[in-house]
Amino acid sequence: MEHNYNTEQPDGGVPIKMWTRGVPVEDEAKQQLANAARLPIVFKHIAAMPDVHLGIGATVGSVIPTLRAIIPAAVGVDIGCGMMACKTTLHANDLPDNLAQLRAAIERAVPHGSSPRNRGRDQGSWENPPDAVDQVWATLVDEFDVLCELHPRIKNTNNRKHLGTLGTGNHFIEVCLDEDGFVWLMLHSGSRGVGNAIGTHFIELAKKDAELHQRNLPDQDLAYFEEDAQYFGDYVRGVGWAQKFARLNREVMMQAVIGALRKSIAKPFETHLEAVNCHHNYVSK
């Protein structure tokens, strides 16, 4: 049986399986993959997807299995970043020719973008989160408080006020059509300010842990916690919470986008005929 990947094996490392036929891969990304492949905690092989490109420490678009250890920088700082999409009963011809009114309604419903710190409130956050946001935050707050007791610097972050907000960079909300002409709503976002704070904090702690144990790391951004390390359990708890926040963040936004669509289009419709909500920046056991 022919495999649809190429295998490379750096000296002193596990194999790297590359699903990149016909895709140019920059030398710097290949070097990062080789660096990760040489870590003593990596299990069996590393996989590189067609979107592989240079990241911080670990390449974006790679899967790095580890044994009894975890690499915070390989998960990254937008913990739980991912996509949500849901299919509606609306068809292409149910949409108006001009979507400006719908776009404006979505922009009103979902805080997005960001403001410079000296401009007061961040435009990408809620001034006063609506009840729907607070009901969801109530399911997250107890676990968050425990995390803050363990790591107080996480408390003073944009957390409750970022739940149900889009962010910046490559995050987006899109109204799109499938091949049969049905209308789908799709969005891309993650764990916002609080996830970034959790990721950054534990990446720094992992680097300090690596200095302490004088590991011969090919890149300081590949610093890892082993299972018996002081902060291993705290990071597992923090990253799990941030992934939950990210998933719920997308669900809250999706409900707001559906509400905006209902206000803009007179025809009644159903949603979630099919739905997807999945992370692509994540870790799982």
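Now for a look at the structure at hand. (Residues numbered from 1 in each chain as written. Predicted model: local features only at pLDDT ≥ 70, side-chain atom pairs only at ≥ 80, totals over all residues. Heavy atoms only, no water.)

Some thoughts on the overall build of the protein chain
- A tally of regular secondary structure across the protein chain gives 7 helices and 10 strands.
- In terms of C-alpha radius of gyration, the protein chain reaches 21 Å, essentially the compact-globule figure of 19 Å for 285 residues.
- Seen along its three principal axes, the alpha-carbon backbone of the protein chain occupies a region of about 65 × 55 × 35 Å.
- Considering only intrachain contacts with a sequence separation of at least 6, the fraction spanning at least 24 residues in the protein chain is 71%.
- Put simply, the protein chain shows about 15,200 Å² of open surface, and 49% of that area lies on carbon and sulfur atoms.
- Distance between charge centres in the protein chain, computed from 28 positive and 35 negative side chains, equals 3 Å. (Helix = DSSP H or I, 4+ residues; strand = E, 2+ residues; numbered from the N terminus. Rg over C-alpha atoms; globule rule 2.2 N^0.38 Å. Contact = heavy atoms within 4.5 Å. Areas by Shrake-Rupley, 256 points an atom, 1.4 Å probe, with all protein chains shown as cover. Lys, Arg positive; Asp, Glu negative; His and termini not counted. Charge placed at Lys NZ, Arg CZ, Asp CG, Glu CD.)

Brief notes about unusual backbone geometry
- For K44, which is not glycine, the phi torsion reads 65° and is therefore positive.
- Inspection of the secondary structure puts K44 in the loop between α1 (27–37) and β3 (46–53).
- In this model, R192 sits at a positive phi of 55°, which is unusual for a non-glycine residue.
- Checked against the element boundaries, R192 lands in helix α6 (residues 192–213).
- You can call R192 buried: its relative accessible area is 14%. (Buried < 20%, exposed > 50% of the residue type's maximum accessible area, 1.4 Å probe, protein only.)

A few points about the pattern of salt bridges
- In total, this model carries 8 salt bridges according to the counting rule given.
- Here D221 and K207 are joined by a salt bridge, their closest N and O atoms 3.0 Å apart. Of this pair, D221 sits in the loop between α6 and β9 (225–226) while K207 sits in helix α6; the two residues are 14 residues apart in sequence, bridging distant segments of the chain.
- Judged by relative accessible area, which is 18%, D221 ranks as buried. (Salt bridge = Lys/Arg side-chain N within 4 Å of Asp/Glu carboxyl O.)

Brief notes about α1
- For α1, the full list of buried residues reads A29, Q32, L33, A34, N35, A36 and A37.
- Each element contacted by the buried residues of α1 is listed here: β2 (16–18), β3 and β4 (60–63).

A look at the side chain of K87
- Residue placement: K87 occurs in strand β6 (residues 82–91).
- The class for K87 is buried, based on a relative accessible area of 12%.
- Not counting chain neighbours up to four residues away, the residues in contact with K87 comprise D178, F182, V183, W184, E270, T271, H272, L273 and E274.

Quick notes on the state of the cysteines
- By the definition in use, this model includes 0 disulfides.
- Free of any disulfide, C86 has its nearest cysteine sulfur in C176, 9.8 Å distant.
- The buried category is assigned to C86, whose relative accessible area is 0%. (Disulfide = S-S within 2.5 Å.)

Some details on the packing of helix α3 (residues 100–109) against helix α7 (residues 232–264)
- Following both chains from N to C, one finds α3 and α7 inclined at 145°, their axes separated by 9 Å at the closest point. Seen along the crossing, α3 lies across α7 with a hand that is right-handed. Residue-level inspection shows Q101, L102, A105, I106 and A109 of α3 in contact with α7, the latter providing A256, V257, A260, L261 and S264.
- The residue inventory of the contact of α3 with α7, partitioned by class, reads 8 nonpolar, 2 polar and no charged. (Axes fitted to C-alpha atoms, helices over the stretch in contact; angles between N-to-C directions. Left-handed = near helix turned anticlockwise from the far one by under 90°. Nonpolar A, V, L, I, M, F, W, Y, C, P; charged D, E, K, R; others polar.)

Quick word on the packing of helix α5 (residues 141–150) against α7
- Viewed as axis vectors pointing N to C, α5 and α7 meet at an angle of 145°, and their least axial separation amounts to 11 Å. In terms of crossing hand, the pair formed by α5 and α7 is left-handed. Contacts from E143, F144, V146, L147 and L150 of α5 reach α7 at D234, R237, G238, W241 and K244.

Here's the deal with the environment of T165
- Mapped onto the secondary structure, T165 falls in the loop between α5 and β7 (172–177).
- Given a relative accessible area of 0%, T165 falls into the buried group.
- T165 sits 91 residues away from A256 along the chain, and the two C-alpha atoms are 9.9 Å apart.
- In this structure T165 touches V110, P111, G124, S125, W126, S189, R192, N249 and M253, once residues within four positions along its chain are discounted.

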